[in-house]
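Spelled out from the first residue to the last, the chains are:
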Amino acid sequence: MATKRSKSRATKRPTVRRPPVPGGSDRSGKRALSTTDGESGRVRTILYVHGIGNKPSPEILKCQWDEALFGFNLGERSRMAYWVNRVLYPQPTKASCKMADATQDLASASADAVAIRALAHADAGIEPLLPADTAKKSERDILRRIAERVLEEPVLGDQIGAADFHARVLPLPAPLREFITRRITKAFLKDVNEFLFVKERRDAMRESVLSRLRTGGGPFIVIAHSQGSMVAYDALSSLTSADGIEIDLLITIGSPLGLEEVQDQLKVITNQKKGLGVPGVVKRWVNVADPLDPVCADKRLRGDYSPTGGVSVEDFEQWNADSPRDPHSGSGYLRLPEVRGPVRSTIDRELFQRIAPFTIARDLVSQMEAGAAEERHAVLIELRDQFEPGSASRPADDVREDVVGWIRKALRDTRPRLSEDDVDLEPLASYVSAKLTRTEIERMSTELHLDSVYRVFRNARKRALLDQSINVLQCATAHRGYDSRGQGITWAVLDTGIDPLHPHFSYGTAGSNIGRVFDCLSPGAIREWDAKNAPRVGVDGNGHGTHVSGIIAGRIAELGISGIAPAVTLHSYKVLNDEGRGSDAKIIKALDHIYDSNRSGASLVIHGVNLSLGGAFDPEAFGCGDTPICKQLRKLWRQGVVVVLAAGNEGYLELQQGDETIGLNTDLSIGDPANLDEALAVGSIHKSKPHLYGVSYFSSRGPTADGRCKPDLVAPGERIVSCRAGANPKTMTRANLYVAMSGTSMAAPHVSGVVACFLSARREFIGYPERIREILLGACTDLKRDRMHQGAGMPNLVKMLLGS
């Protein structure tokens, strides 16, 4: 019976899907992985559910997933449902945030050399792979059938090239491929046995998911890897709309949910004996599988899980980033566009930034993740004294009483009952201190953060302020006193494109900032956007380029938001894709187009360029500031174009020393092309109190690798409010149209705007970038920081105009 069933399933040929065109559909007609139209997503929290085998401690594992998915620690915006059995795996694996969540080498866990040899050789059969503590014949038969399915040779999908398949597989010797498959299978069977046949462990796994959802913080994305997808499916299937838990997106990666034997057991476990369906609380389900991943032997789930409320499984088969050596790697899956795309389109992007609004401090989040759910943490709760514009302020005593009352009520629910002294509850003037559990902290954050709780710290106090950067640079005064608003000046922005129909840019009116929009990503000639005939060309599906452009130009007076040079004309060049990545060739393509446009005109057509992009360079291949991009930018500078570059965000590194991660601010962190001499490299400072807070911790610092002083100057780059790409233009509110982002990417367009304003009032300097740099840097306000950190200081537009 087992053989017959196995063969019938093996004839099902999985379809391998390529990444769809952003904003379009994949070849099956499903929606694309990355959307560019409509409003931003609304998800506030991502819940991870890990996979098989031993794992690092939960705070490290969560950080590894954050790094793989976003490139930085998300803090309170992500949680880890942690279900490792410490009886099977007594000690967590040693790892750091910067390491991958890879499939563990099980040889170190085997008792003897005989077991290792049995694992490595296929002729040893399936028996050595089965858990030794599974005594019931019926249970061993089920695990044996699962092993047979998992160990089958992968079937080549219809849409994957044979050359690509063999190019990845053949470099690995057959014995090594066999060992990789069998070691993954052994780990999977050990853990799946507990889920399927040990009710106590299954209940604990389910609760690891539900406990992280019940504390609030939704809507949620749930990302589940390997057996974690079984755990997540069981947990989500137990929820109904009455529970008030919203799952906007479920992503399963390397999932065994397609195995018939697993499905048979899930029908009983979830009480769906007539057939499995998409959990009712899930609004979208994306499944991603690697062709060589043995755990997801059946790559497609769509035909096995019936739609619920119109929601069907969207299946994508794609090479794991770590395949073929580790086709089941969790980090490898998280780095795929098929995973990142749906996540990016579903989250509230303002919350998922390197510097973002938060309630629970990041170091406290790590401490909470590291401990058990019932462990108490000493916290300092900062009371809210800032409220949304238009809402009434509240007396401090009322705010404090809300928080104290909430904690007292939580204590009444504890078993055994705890007193205020037990948790060191102490109301202070601007704070409340107490010892709270992770569950209590997360619930309090969800329920009180709008009215009473401003921040929850482990120790230090941090503060975020409102956007005021236009006043810090003295631009508002210059607009009124000198009418220097950027009129008659054209600035090019090389980035991820632009949302040309955003109301901030007034397209279709006499005061439109949109000059021309180009797309440099496709081979051949540059394509140009046309509202009627080419409405998607050059449009920003990432959000970065639109945000940068909105800092330079445009305004909505009714909302009190203005670009630095509200009247400047923009030429947008899409040189980075919707993942925010590009190549030197596409950037040079745009720079050449700008150079040729200026050369063919009677005078300069484009007066300045802004590049809020960059990367590392190889000093063995290029001189510092002499890469191909730098050479093209140098041509533009000598043509008379002002070149403004982001200095980079590499001023802060995390280093691993033993078991400890150490944060380090670093000099010599200026990248390429910011190390170009013939350009203005811009670092980041606080947007409203630069004298107090100085240079941003992440801002890259000089000198350059060849000893020159960079950055040239600094400008506001923390929590800068600017245009949100894809916002609904009919909803004229700040929350809909604007989003806050941080980085030197936001600092550079401040300087572009300042120079554009200056040139609109002092047109005699057009075409003389060296003179402009001399005036700009000479008028900067010294922040009294190290020259290699702040350059000349912070620009002052009024002082530039007065001195010229």
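Our subject is the structure listed above.
About the cut-offs
Residues numbered from 1 in each chain as written. Predicted model: local features only at pLDDT ≥ 70, side-chain atom pairs only at ≥ 80, totals over all residues. Heavy atoms only, no water. Core = buried A, V, L, I, M, F, W, Y, C linked by side-chain atoms within 4.5 Å. Buried < 20%, exposed > 50% of the residue type's maximum accessible area, 1.4 Å probe, protein only. Helix = DSSP H or I, 4+ residues; strand = E, 2+ residues; numbered from the N terminus. 1 Å grid on protein atoms, 1.4 Å probe; cavity = no way out; pocket = protein on both sides within 12 Å on 5 of 7 lines; lining within 4 Å. Points joined across faces, edges and corners; volume = space filled by probe spheres on them. Nonpolar A, V, L, I, M, F, W, Y, C, P; charged D, E, K, R; others polar. Disulfide = S-S within 2.5 Å. Salt bridge = Lys/Arg side-chain N within 4 Å of Asp/Glu carboxyl O. Expected span 1.5 Å × (residues − 1). Contact = heavy atoms within 4.5 Å. Pairing = 2+ DSSP bridges. Polar contact = N/O pair within 3.5 Å; in protein donor to acceptor, adjacent residues only side chain to side chain. Axes fitted to C-alpha atoms, helices over the stretch in contact; angles between N-to-C directions. Lys, Arg positive; Asp, Glu negative; His and termini not counted. Parallel < 35°, antiparallel > 145°, perpendicular 65-115°, else oblique. Left-handed = near helix turned anticlockwise from the far one by under 90°.

Caption draft 1: Here's a closer look at the nonpolar core. Formed by 57 residues in total, the largest nonpolar core has its most connected members in Trp491, Val568, Leu570, Val751 and Leu797. A total of ten residues in this core trace back to one element, the largest contributor, which is helix 22 (residues 744–761). Counting residues in hydrophobic clusters, the runner-up holds 51 residues, among them Ala81, Val222, Ile247 and Leu276.

Caption draft 2: Examining empty space enclosed by the protein more closely. Using the criterion set out here, one finds two cavities of 30 Å³ or more in the structure. Its volume calculated, the second largest cavity comes out at about 50 Å³. In terms of lining residues, the second largest cavity is bounded by Glu59, Lys62, Cys63, Asp66, Asn73, Gly75, Arg362, Val365, Ser366 and Glu369. In terms of residue class, the lining of the second largest cavity is made up of two nonpolar, three polar and five charged.

Caption draft 3: Local environment of the state of the cysteines. According to the stated counting rule, one finds one disulfide in the structure shown. Put simply, Cys63 and Cys97 are joined by a disulfide, and their sulfur atoms are 2.2 Å apart. Note on the Cys63 and Cys97 pair: the S-S dihedral is about 120°, so by sign convention the disulfide is right-handed. Separated by 34 residues along the polypeptide, Cys63 in helix 2 (residues 58–69) and Cys97 in the loop between strand 2 (78–81) and helix 3 (113–120) bring together distant segments of the chain. Given the relative accessible area of 10%, Cys97 is considered buried.

Caption draft 4: Seen up close, the pattern of salt bridges. For the coordinates displayed, the defined rule picks out 40 salt bridges. Here Lys574 and Asp578 are joined by a salt bridge, their closest N and O atoms 2.8 Å apart. Looking at Lys574, the relative accessible area reads 5%, which means it is buried. Across the pair Arg634 and Glu678 runs a salt bridge whose closest N-O atoms are separated by 3.1 Å.

Caption draft 5: Looking closely at helix 2. Taking 1.5 Å as the rise per residue, helix 2 with twelve residues should run 16 Å; its terminal C-alpha atoms sit 16 Å apart, in good agreement. Burial in helix 2 covers these residues: Pro58, Ile60, Leu61, Lys62, Cys63, Gln64, Trp65, Asp66, Glu67, Ala68 and Leu69. At its buried positions, helix 2 is contacted by strand 1 (45–49), strand 2, strand 3 (220–225), helix 10 (330–334), helix 11 (337–346) and helix 12 (362–370). Gly71 occupies a position one or two residues after helix 2 and carries a positive phi of about 95°.

Caption draft 6: Here's a closer look at the environment of Ala531. With respect to the element layout, Ala531 can be found in the loop between strand 13 (527–528) and helix 17 (544–552). Overall, Ala531 belongs to the partly exposed group, its relative accessible area being 35%. Sequence separation of Ala531 and Pro500 is 31 residues, and the distance between their C-alpha atoms is 8.8 Å.

Caption draft 7: Geometry of the pairing of strand 24 (residues 738–741). Burial along strand 24 is two-sided: the face carrying Tyr738 and Ala740 and the face carrying Val739 and Met741 are both buried. Taken together, the four bridges between strand 23 (residues 720–723) and strand 24 define a ladder with antiparallel strand orientation. In the sheet register, Val721 faces strand 24, and the bridge partner there is Ala740.

Caption draft 8: Looking closely at the environment of Arg708. The residue Arg708 is located in the loop between helix 20 (690–693) and strand 22 (713–716) in this model. Sequence spacing of Arg708 and Asn675 is 33 residues, and the spatial spacing of their C-alpha atoms is 8.3 Å. Beyond its immediate stretch of four places on either side in the chain, Arg708 contacts Cys624, Gly625, Asn675, Leu676, Asp677, Pro703 and Met788. In this structure the side chain of Arg708 is engaged in a polar contact, spanning 3.2 Å, whose partner is the side chain of Asp706.

Caption draft 9: Structural context of the sheet that holds strand 9 (residues 431–437). If you trace the four strands from one edge of the open sheet to the other, you get 8-9-7-10, paired in antiparallel fashion. Lying at the two open borders of the sheet, with one neighbouring strand each, are strand 8 (426–427) and strand 10 (453–457). Where strand 8 meets strand 9, two bridges bridge the pair, whose relative direction is antiparallel. Note that in strand 9 the partner of Pro427 across the bridge is Val432. Docked against the sheet, helix 12 engages strand 7 (376–383) and strand 10, running at close to 155° with respect to strand 7.

Caption draft 10: Structural context of the side chain of Arg202. Considering the arrangement of structural elements, one finds Arg202 in helix 7 (residues 199–214). The buried charged residue Arg202 lacks any salt bridge, with Asp203 as its nearest oppositely charged partner at 4.9 Å. What Arg202 contacts, discounting residues up to four positions off in sequence, is Glu194, Phe195, Leu196, Phe197, Asp234 and Ile269.

Caption draft 11: Spotlight on the packing of helix 22 against helix 23 (residues 769–778). Close contact between helix 22 and helix 23 brings their axes to 12 Å; oriented N to C, the two are set at 110°. With respect to helix 23, the axis of helix 22 lies roughly perpendicular. Taken as a pair, helix 22 and helix 23 cross one another with a handedness that is right-handed. Contacts from Val751, Val754, Val755, Phe758 and Leu759 of helix 22 reach helix 23 at Ile772, Ile775 and Leu776. Per-class residue counts for the contact of helix 22 with helix 23 are eight nonpolar, no polar and no charged.

Caption draft 12: Molecular detail of helix 17. For helix 17, the tally of buried residues reaches nine of nine residues, placing the bulk of the element in the interior. His544, Gly545, Thr546, His547, Val548, Ser549, Gly550, Ile551 and Ile552 are the residues of helix 17 that are buried. Where helix 17 is buried, its residues contact strand 11 (490–495), strand 16 (569–574), strand 17 (608–611), strand 23, strand 24 and helix 22. Trailing helix 17 by a residue or two, Gly554 shows a phi angle of about 85°, which is positive.

Caption draft 13: A look at the environment of Ala434. Its place among the elements puts Ala434 in strand 9. For Ala434, a relative accessible area of 3% translates into the label buried. Measuring from C-alpha to C-alpha, the distance between Ala434 and Asp421 comes to 9.3 Å, with 13 residues separating the pair along the chain. Discounting chain neighbours no more than four positions away, the residues touching Ala434 are His377, Ala378, Val379, Ile407, Val423, Asp424 and Leu425.

On their own, these measurements won't tell you what the molecule is for.
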